[in-house]
Amino acid sequence: AEHGDLDVVDALVEHIVGESCLRQVAVRTLQRVCRRGDPAVLSRLLPWLEQGHWPQRQAALEAFAELSAPGDKLAIEAVMQRLSDGDETCRQTACEVLGKVAQPGDESVVSMLILKLHDSSWLVRDAAGHALAKLATLDQLANVEQEVESIADDIRGMVLETLAAARGVLIDISRVDSAAAVPCLGACQ
């Protein structure tokens, strides 16, 4: 953003974390007037990731997904900190944002998402599984396989389907015992 535009950026950021009816308009406007990954914009969103009520933190996370450049280390670090947010909706959104912003194969992101497969919320576990499907390399997916047996039943099937799809293997998860599927998937490397 140009120096003179910072007042406009500040006003738009206020709308992102303010009334929900103006959020999308504010994000779209910022996308038009600022380049993706603009540090002036991201630095103004950063405080909102840690303060306020969960809807404001969630709105700031969603804005990061739209305004961050792919692979932006500042954005990824800020979003990764929200993986331990006290609100499950914010943790879920953080997983989804990482799936959009992080680069495939990013070791630190993949490791944190694997940990989120054990989150107390099934929404977070589901979002982590979907983000892993986008980001994990085949070698990293092998680490997910090792975690499959300790993953709660509600997410195990989705993770196995994701692993199979990533390896180009078609399985009908409703007909396969998950414990039996893991060695089969390992043989498909």
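Here the structure is a predicted model, which means the values were calculated and not measured.

Draft legend 1. Representation of the confidence of the model for the protein chain within the structure. Residues with a pLDDT of 70 or more make up 68% of the protein chain, whose mean pLDDT is 77. By mean pLDDT, the top-scoring element of the protein chain is helix 6 (residues 88–101) (96), and the lowest-scoring one is helix 11 (residues 178–187) (45). Per-residue pLDDT stays below 50 along residues 170–189; that stretch engages in 26 contacts with residues further than four places along the chain or on separate chains.

Draft legend 2. Region of the structure containing the environment of tryptophan 48. Looking at where tryptophan 48 falls in the secondary structure, it is placed in helix 3 (residues 39–50). A relative accessible area of 16% places tryptophan 48 in the buried class. Sequence separation between tryptophan 48 and isoleucine 16 is 32 residues; the distance between their C-alpha atoms is 9.7 Å.

Draft legend 3. Layout of the side chain of glutamine 58. Note that glutamine 58 resides in helix 4 (residues 54–67). By relative accessible area, which is 18% here, glutamine 58 ends up buried. Setting aside residues up to four positions removed in sequence, glutamine 58 forms contacts with Thr89, Cys90 and Thr93.

Each value, and the rule that gives it
Residues numbered from 1 in each chain as written. Predicted model: local features only at pLDDT ≥ 70, side-chain atom pairs only at ≥ 80, totals over all residues. Heavy atoms only, no water. pLDDT = per-residue confidence, 0-100. Helix = DSSP H or I, 4+ residues; strand = E, 2+ residues; numbered from the N terminus. Contact = heavy atoms within 4.5 Å. Buried < 20%, exposed > 50% of the residue type's maximum accessible area, 1.4 Å probe, protein only.

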